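Descriptive structure summary
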Amino acid sequence: MARSKKVSYIYVPSQIINSLSSSSLQSLLVSPKKSSRSSSKFFYFLFKNPRFWFLAFFLFGFIAMLKMGFSLDPLIPFSQNPCGITQSQGIIPTGSLGSHVEVKEDGEKSEFWEQPDGMGYRPCLEFSREYKETSPETVKDRTKYLMVVVSGGMNQQRNQIVDAVVIARILGAALVVPILQVNVIWGDESEFSDIFDMEHFKRVLADDVRIVSSLPSTHLMSRPVEEKRTPLHVSPQWIRARYLKRASMVHNSILVLQRLKPLWALLPQLRREGVLLLRGLDSRLSKDLPSDLQKLRCKVAFHALRFSQPILELGNNMAERMRSKGPYLALHLRMEKDVWVRTGCLPGLSSQYDEIISNERKLRPELLTARSNMTYHERKLAGLCPLNALEVTRLLKALGAPKSARIYWAGGRPFGGEEALLPLTQEFPNFYNKEDLALPGELEPFSKKASFMAAIDYIVCEKSDVFMPSHGGNMGHAIQGHRAYAGHKKYITPNKRKMIPYFLNSPLPEAEFNRVIMELHSDSLGQPELRTSKAGRDVTKYPVPECMCNSTSSTDSAL
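Remember, it's a predicted structure, so these values are computed and weren't measured experimentally.

1. Regarding the overall build of the protein chain
From N to C terminus, the protein chain includes 23 helices and 13 strands. Taken across its 559 residues, the protein chain has 45% of its residues classed as buried. Intrachain contacts of the protein chain at a sequence separation of at least 6 include 79% that bridge at least 24 residues. As presented, the protein chain carries roughly 31600 Å² of accessible surface, and 55% of it is formed by carbon and sulfur atoms.

Shown next, in the form of structure tokens:
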């Protein structure tokens, strides 16, 4: 019987094999014709040599590092804030933000992102003892109901809803959930519950005003007392005298006839007089109200009026996508065609575009909301015109905005399209709006809902690190108050009246120009500002001192 050939196997790490040449590998695989004893001595000497093990571990570590490096996902950027909180939602679509990484030009954090000194102010909504004592009786009343129809854009409607709640409290009436008038410009048929969280609205205000979804059956057939022409800036005394007059007359009749009929028999008559319908509430209620009513305005604006869940989710996702690579700036640009026509100003793109605006204004002079006796140049110098893209760019550069700044812009389509935005996009390439941030099809269900789109812009702007409007308006005012109430987050108010002369004709070198512009805006960055320092200011824009306090001003408790 033939003697079987004995086969021996050795273990060599794969890293060693990969590092050897083919000839060296062949020499290992083909045994030389030597005695097994000689071969054993060779391997024994090899494995006992410390240099062999040092080389083996070195090669193993080197190959492992190479493997890890090549397996990294090239689409995931290195975090600039490795200790920051990671965002779990809002993946940014390829082509939008994925290719832009926030890199500081000088390697240091830009001063542009620094926040103003909030002076320790915090929300304080402690109502007076008298207000609290009258609240139970107010919310239990079942005889008087206030219905309101709010008009305009989403931010204008917000202001009117705030006033509606306060008027209901003044009258001691229950508030029927406000009706959003169909906007003739955008054709938006959204209802209150489409834009705002109705149950949250009712719950937050449960101790202040009774809010019902609709009129009760006892009042459905009532003919409401309709008021269409409420004067501007009326006081609580005027409201009571005007709208409670009929109820007071009925109440006096009850007292006279009390001996002739049981009181309960006359109650239906009071109920028939118990429905009041108000339209066009914009700026009808005075901005200078008693302290408790000012606090109620803040409670409605900053606590009760929360957006509906679909809007909140999408808006928060958009904000997270903007913040995924660091701080961001939000701009509210007022550069639409109707804005230029109504303000009596010119876009400054070219003589052709200016002529279109001028002709439109001549055809419809009733649209002009600025002073009709002023020329365009006079309006410009008076600070009455919106900033165009070139002026916004120069202002941001002068205030220290880095070229790598990530910018979200809100607003309608600019007159002139992308050409109107060129100065901004050329200077700040990381320039996005909600269409740029949205995933495919994400905005499609809401494309014809202007209020929904405006609410998305509101959320992303309110959550930004820095916010700046190019012109005044309802949205800018609302966000100014919201950011102040949230701790005085940076809000740049362009000092147009003082800076425009430097923009139009300034021989100053760039460094000196920037210093002057910085100095003009040193007190316009969102610092606490007392509402009471100037009559007629809205507390939802300037919440100090009625709705906010610090250790030196009050010891009221926060809501």
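2. Details of helix α22 (residues 496–504)
The complete set of buried residues in α22 reads Lys496, Met499, Ile500 and Phe503. The buried residues of α22 all sit within an arc of 115° when viewed along its axis, so they share a single face. Counted as exposed and oriented over 90 degrees from the buried face of α22: Arg497 and Lys498. The secondary structure elements touched by the buried residues of α22 are α16 (376–381), α17 (389–398) and α23 (510–520).

3. Examining the pattern of salt bridges
All told, the structure shown has 24 salt bridges when counted by the stated rule. Between Glu133 and Arg129 there is a salt bridge, with the nearest N and O atoms lying 3.0 Å from each other. Of the two residues, Glu133 and Arg129 are both situated in helix α5 (residues 129–140); the distance of four residues between them amounts to about one turn of the helix. The exposure classification of Glu133 matches that of Arg129, with both residues exposed. By sharing partners, the salt bridges in this structure join Asp163, Arg297 and Asp538 into a single network.

4. Some thoughts on the state of the cysteines
Taken as a whole and judged by the stated rule, the model has three disulfides. There is a disulfide in this structure between Cys298 and Cys547, and the S-S distance comes to 2.0 Å. Looking along the S-S bond of the Cys298-Cys547 disulfide, the torsion reads about 90°, which is the right-handed sense. Taken together, the residues Cys298 in helix α12 (residues 291–304) and Cys547 in the loop between α23 and β13 (548–549) connect sequence positions 249 residues apart. Assigning the bonded cysteines of the protein chain consecutive numbers by sequence position, one obtains the connectivity 1-6, 2-5, 3-4.

5. Some thoughts on the confidence of the model for the protein chain
Mean pLDDT over the protein chain: 80, with 73% of residues reaching 70 or higher. Contacts from residues 1–43, a stretch scored under 50 in pLDDT, to residues over four places away or in other chains number 10 contacts. Note that pLDDT drops below 50 for residues 246–272; the model gives that stretch 17 contacts with residues more than four away or on any other chain.

6. Let's talk about the sheet that holds strand β12 (residues 490–491)
An order of β10-β9-β8-β11-β12 is seen for the five strands of this open sheet, with the pairing classed as parallel. Where the open sheet ends on each side, the last strands, each with one partner, are β10 (431–432) and β12. Looking at chain direction, strand β8 (residues 328–332) and strand β11 (residues 466–469) are connected through four bridges and run parallel. When the bridges of β11 are listed, Leu329 appears paired with Val466.

7. Side note on the environment of Ile311
Tracing the chain through its elements places Ile311 in helix α13 (residues 309–323). Along the backbone, Ile311 and Phe196 are 115 residues apart, and their C-alpha atoms lie at a distance of 8.6 Å. Contact partners of Ile311, with chain neighbours within four places excluded, come to Asp194, Ile195, Phe452, Ala455, Ile456 and Ile459.

8. Examining the packing of helix α6 (residues 154–171) against helix α9 (residues 236–243)
Running from amino to carboxyl end, α6 crosses α9 at an angle of 65°, the nearest separation of the two axes being 10 Å. Regarding α6 and α9, the two cross each other, and that crossing is right-handed. Between α6, through Ile167, Ile170 and Leu171, and α9, the contact on the second element is made entirely by Pro236, Ile239, Arg240 and Tyr243. Here the residues of the contact of α6 with α9 sort into six nonpolar, no polar and one charged.

9. Here's the deal with the packing of aromatic side chains
Overall, the coordinates contain 13 aromatic pairs when judged by the stated rule. Centre to centre, the rings of Phe127 and Tyr131 are 4.4 Å apart; their planes meet at 15°, and the pair counts as stacked. Here the two residues Phe127 and Tyr131 agree in accessibility, since each one is buried. A connected cluster of aromatic rings, assembled from ring pairs, spans Phe192, Phe196, Phe201, Phe307 and Tyr458. Its guanidinium or amino end placed over the ring of Tyr458, Arg158 lies 4.9 Å from that ring's centre, counting from NZ or CZ.

10. Side note on the nonpolar core
Counting residues in hydrophobic clusters, the biggest one holds 78 residues, and the most contacted among them are Leu146, Leu175, Phe201 and Phe307. The leading source of residues in this core is α6, at 10 residues. Membership of the second largest hydrophobic core comes to 39 residues, among which are Val341, Tyr353, Leu367 and Phe513.

11. Here's the deal with the packing of α6 against helix α20 (residues 450–462)
Their axes nearest at 9 Å, the elements α6 and α20 cross at an angle of 85°. As summarised for this structure, α6 and α20 are arranged roughly perpendicular, according to the angle between their axes. Every residue of α20 that contacts α6 at Met154, Asn155, Gln157 and Arg158 is listed here: Ser451, Ala454, Ala455 and Tyr458. When the residues that make up the contact of α6 with α20 are grouped by side-chain class, the tally is four nonpolar, three polar and one charged.

Reading the values: rules and limits
Residues numbered from 1 in each chain as written. Predicted model: local features only at pLDDT ≥ 70, side-chain atom pairs only at ≥ 80, totals over all residues. Heavy atoms only, no water. Helix = DSSP H or I, 4+ residues; strand = E, 2+ residues; numbered from the N terminus. Buried < 20%, exposed > 50% of the residue type's maximum accessible area, 1.4 Å probe, protein only. Contact = heavy atoms within 4.5 Å. Areas by Shrake-Rupley, 256 points an atom, 1.4 Å probe, with all protein chains shown as cover. Arc of directions from axis to C-beta. Salt bridge = Lys/Arg side-chain N within 4 Å of Asp/Glu carboxyl O. Disulfide = S-S within 2.5 Å. pLDDT = per-residue confidence, 0-100. Pairing = 2+ DSSP bridges. Axes fitted to C-alpha atoms, helices over the stretch in contact; angles between N-to-C directions. Left-handed = near helix turned anticlockwise from the far one by under 90°. Nonpolar A, V, L, I, M, F, W, Y, C, P; charged D, E, K, R; others polar. Phe/Tyr/Trp six-rings, centres within 6.5 Å; stacked < 30°, edge-to-face > 60°. Lys NZ or Arg CZ within 6 Å of the ring centre and 35° of its normal. Core = buried A, V, L, I, M, F, W, Y, C linked by side-chain atoms within 4.5 Å. Parallel < 35°, antiparallel > 145°, perpendicular 65-115°, else oblique.

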